[in-house]
Amino acid sequence: MFVELNNLLNTTPDRAEQGKLTLLCDAKTDGSFLVHHFLSFYLKANCKVCFVALIQSFSHYSIVGQKLGVSLTMARERGQLVFLEGLKSAVDVVFQAQKEPHPLQFLREANAGNLKPLFEFVREALKPIDSGEARWTYPVLLVDDLSVLLSLGMGAVAVLDFIHYCRATVCWELKGNVVVLVHDSGDAEDEENDILLNGLSHQSHLILRAEGLATGFCRDVHGQLRILWRRPSQPTVHRDQSFTYQYKIQDKSVSFFAKGMSPAVL
Amino acid sequence: ELPAPLLDDKCKKEFDEDVYNHKTPESNIKMKIAWRYQLLPKMEQIGPVSSSRFGHYYDASKRMPQELIEASNWHGFFLPEKISSTLKVEPCSLTPGYTKLLQFIQNIIYEEGFDGSNPQKKQRNILRIGIQNLGSPLWGDDICCAENGGNSHSLTKFLYVLRGLLRTSLSACIITMPTHLIQNKAIIARVTTLSDIVVGLESFIGSERETNPLYKDYHGLIHIRQIPRLNNLICDESDVKDLAFKLKRKLFTIEGWRKSLWSFPNLRI
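You'll find chain B entered in an unreviewed UniProt entry as Elongator complex protein 4, with Pan paniscus given as the organism.

The name given to chain A in an unreviewed UniProt entry is Elongator complex protein 6, and the organism recorded there is Pan paniscus. A UniProt comment under Pathway (unreviewed entry) is attached to chain A, and it reads "tRNA modification; 5-methoxycarbonylmethyl-2-thiouridine-tRNA biosynthesis." We quote the UniProt Sequence similarities (unreviewed entry) comment for chain A here in full: "Belongs to the ELP6 family."

Okay, structure coming up:
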């Protein structure tokens, strides 16, 4: 996890809020560093994590995780991490008929259906174990990324339904957190993606939006991060708070600074 | 129609109009590239005039000897030949062309041990895959013809499963796609997200840039749309963003527009 980002979000693994939906979003840049942050953050917080990893392989997240001080292999072995490797599973599902319902079953279907099998997978992964005392603090669902589901034939409404069910179970029932990444396709006129992004924005407690710089590539500033705090259940009580920082990604960390305050500029 | 390899120092490579899979020299990384172009598909690259050797080199003015082709281990896939075959087609919402292509690739990966299932008998190698004109009507897809065709998810689904095959085997793939024919911008954005490296070639032929004196020595622009961050938080992004290329019989040069011009005579794609 990135300590500077924790500071900006006023949180640590020991005292993170529960029952929240966090939306990660990237526009004209790669926001995957945020996914790596939350994955390592919640593993360090001793949470039970279900990671629906649709766009990269396990080894990719594992190698980056090691740079951030977590071992995904060990977390998986001790039962803390349930990892759905979407790419590998897709190959299994498409080339072989599965005996039992598979979370990515919809890949075999001619028409876009729903994501019920995927939800069942998440629910099963995060359900509390009855025996003895609780090993883990609270459950967390992490998805990288939801936009891929649209490319695989799912409609935006089906994806929103899926998140709705996940929130009901993970956030409300189990008092855990949900973190999802959705791309902002900008002027690509991707209607389904816009519906998904807008729908989730309204439901989220926290939105982290990584944006490429309007002026183009810069060696010392890789982008800017917009942090938006929302109170979806109390829309009239508090105004949404928004902060913007610029950032630079390094080998094992990300540094943040106020606009125009990059160390390279000062 | 393959160009003759130059077995001394200089070689180059050529893509032609035929739809087939062929092995292209590649590095050791499992990756997938989507490469869009508006240029005619004849492209050359050349070895360096300096001492550093990098890649394989060809002469586009000569043909590859037939004996060399026959002696090589390669597999071709020409859809019109396969479409009526009895290859078992699993139910899926992909177009039949994409389904058959995926099965063809998966079959080679399995049969020749690129996924570790059958140990490779000879020295370990990487399966290089080349797919041309993906998305065009040649593959039974209609995204080049209609803005909102019935097969709108077929291509992206195909790319996803292909990505899965590449990630789970010792293989690399390069794809060309005629994106100038695809009207649906959303599909292009999704294709980009599903790829690792995305390079665009923009020809000056027929465009207003053809007569621009600034571009008189060049044939087109190269746009590096995306480079991957694989196994890493960072990626190695160059700060030279404006790249132009020129295409000669034995030399394919890419030069960056900035105060100091410099060339990549040995760029290997």
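So, next bit.
So what exactly am I meant to see when it comes to the overall build of chain B here?
Helix and strand counts for chain B stand at 5 helices and 9 strands. Listed by position from the N terminus, the elements making up chain B come as β-β-β-α-α-α-β-α-β-α-β-β-β-β. Here chain B holds 269 residues, and 49% of them are scored as buried. Long-range contacts, defined here as pairs at least 24 residues apart, represent 69% of the contacts in chain B between residues at least 6 apart. Within the structure as shown, chain B displays about 13,500 Å² of accessible surface, and the carbon and sulfur contribution to it stands at 53%.

Can you walk me through the interface of chain A and chain B in this structure?
Accessible area lost when the parts come together is the quantity often used to give the size of an interface. Of the residues lining the interface, 44 residues belong to chain A; the matching set on chain B comes to 33 residues. Summed over both sides, the interface between chain A and chain B buries roughly 3,400 Å², with carbon and sulfur atoms accounting for 62% of that surface. Where chain A packs against chain B, one counts 3 salt bridges. Among the salt bridges present, the one from A:Glu189 reaches B:Lys185, with a minimum N-O distance of 3.5 Å. At the junction of chain A and chain B, the tally comes to 14 residue pairs in polar contact (both at pLDDT 80 or more). Where the side of chain A that touches chain B is concerned, the elements lending two or more residues are helix H2 (32–44), helix H3 (58–67), helix H5 (86–95) and helix H7 (147–151) of chain A. Sorting elements by how many residues they give to the side of chain A that touches chain B places H5(A) first, with 7 residues. Looking at side-chain class alone, the side of chain A that touches chain B contains 21 nonpolar, 11 polar and 12 charged residues.

Please clarify how helix H5 (residues 185–194) of chain B should be interpreted in this entry.
Every α-helical turn comprises 3.6 residues, leaving residues that sit three or four positions apart pointing alike. Every buried residue of H5(B) is accounted for by B:Ala186, B:Ile187, B:Ile188, B:Arg190, B:Val191 and B:Leu194. Two to three positions downstream of the cap, the backbone nitrogen of B:Ala186 sits 3.0 Å from a side-chain oxygen, assigning the N-cap of H5(B) to B:Asn184.

Explain the pattern of salt bridges here, please?
Pairing between side chains of opposite charge can happen when their charged atoms approach one another. Evaluated as defined, the whole model comprises 13 salt bridges over all chains. The partner of A:Glu211 in a salt bridge is A:Arg209, and the shortest N-O contact between them spans 2.7 Å. Taking the relative accessible area as the measure of exposure, A:Arg209 reaches 23% and is therefore partly exposed. A salt bridge links B:Arg163 to B:Asp196; its shortest N-O distance comes to 3.4 Å. Remark: B:Asp196 occurs in the loop between H5 and strand E6 (197–203) and B:Arg163 occurs in helix H4 (residues 154–167); sequence separation between them is 33 residues. Its relative accessible area of 2% is what places B:Arg163 among the buried residues. Here B:Asp196 falls in the buried class, since its relative accessible area comes to 2%. In the salt-bridge network here, residues are joined through shared partners; they are A:Asp184, A:Arg209, A:Glu211 and A:Arg226.

Help me understand the sheet that holds strand E7 (residues 223–229) of chain A, please; the structure alone is not making it clear to me.
Residues and elements named next belong to chain A. Strand order in the open sheet made by the 9 strands is E3-E2-E4-E5-E1-E6-E7-E8-E9, with mixed pairing throughout. Each of the sheet's edge strands pairs with one partner strand only, and the pair in question is strand E3 (81–85) and strand E9 (254–257). With strand direction ignored, the average angle separating the axes of adjacent strands in the sheet is 20 degrees. Against the sheet, helix H6 (residues 116–126) touches strand E2 (48–53), E3 and strand E4 (139–144), its axis set at about 155 degrees to E2.

Looking at this model, I keep getting lost on the nonpolar core. Mind explaining?
In a soluble, globular protein the nonpolar side chains are often hidden away together inside. A:Phe33, A:Leu146, B:Ile131, B:Leu134 and B:Phe158 are the most contacted members of the largest nonpolar core, which totals 126 residues. If you tally residues by element for this core, the top one is helix H8 (residues 156–173) of chain A, at 9 residues. What A:Leu146 contacts, discounting residues up to four positions off in sequence, is A:Val159, A:Phe162, A:Ile163, A:Val180, A:Leu181, A:Val182, A:Leu196 and A:Leu200. By size, the runner-up hydrophobic cluster in this structure holds 8 residues, among which are B:Leu201, B:Leu243, B:Phe252 and B:Ile254.

Procedures and definitions
- Every chain begins its residue count from 1, and numbering advances along the sequence as written.
- Following the order in which they are written, the chains are lettered starting with A and the ligands numbered starting with 1.
- The predicted origin of the model limits local features to residues at a pLDDT of at least 70 and limits the giving and counting of side-chain atom pairs to 80 or more, whereas totals for whole chains, interfaces and linings rest on all residues.
- To get the side-chain values, all heavy atoms of the structure are used, and hydrogens and water are removed first.
- UniProt positions are given in the numbering used here, feature names are shortened, and annotations may be inferred rather than shown by experiment.
- By the criteria applied, helices consist of DSSP H or I runs no shorter than four residues and strands consist of E runs no shorter than two, each listed in order from the N terminus.
- The buried label applies to any residue whose accessible area, calculated with a 1.4 Å probe on protein chains only, is under 20% of its type's maximum; exposed applies above 50%, and partly exposed to all values in between.
- Two residues qualify as a contact provided that any one of their heavy atoms is within 4.5 Å of a heavy atom in the partner residue.
- Each accessible area is a Shrake-Rupley estimate made with a 1.4 Å probe; only the visible protein chains count as cover when residues are assessed.
- By buried area we mean the combined loss of accessible area, with a 1.4 Å probe, across both parts when two parts are placed together.
- Take a side-chain nitrogen of Lys or Arg and a carboxyl oxygen of Asp or Glu: if they are within 4 Å of each other, that pair is a salt bridge.
- Within 3.5 Å is the distance limit for a polar contact, defined as a pair of N or O atoms, with the added protein rule that one can donate a hydrogen and the other accept it, and that residues adjacent in sequence qualify only through two side-chain atoms.
- Classes in brief: Ala, Val, Leu, Ile, Met, Phe, Trp, Tyr, Cys and Pro nonpolar; Asp, Glu, Lys and Arg charged; the others, Gly included, polar.
- Pairing between strands requires that DSSP locate at least two bridges from one strand to the other.
- Geometry is summarised by axes, namely lines fitted to C-alpha atoms with helices restricted to the contacting stretch, and by angles between N-to-C directions that run from 0 to 180 degrees.
- To qualify as a nonpolar core, a set must consist of buried Ala, Val, Leu, Ile, Met, Phe, Trp, Tyr and Cys residues joined through side-chain atoms within 4.5 Å.

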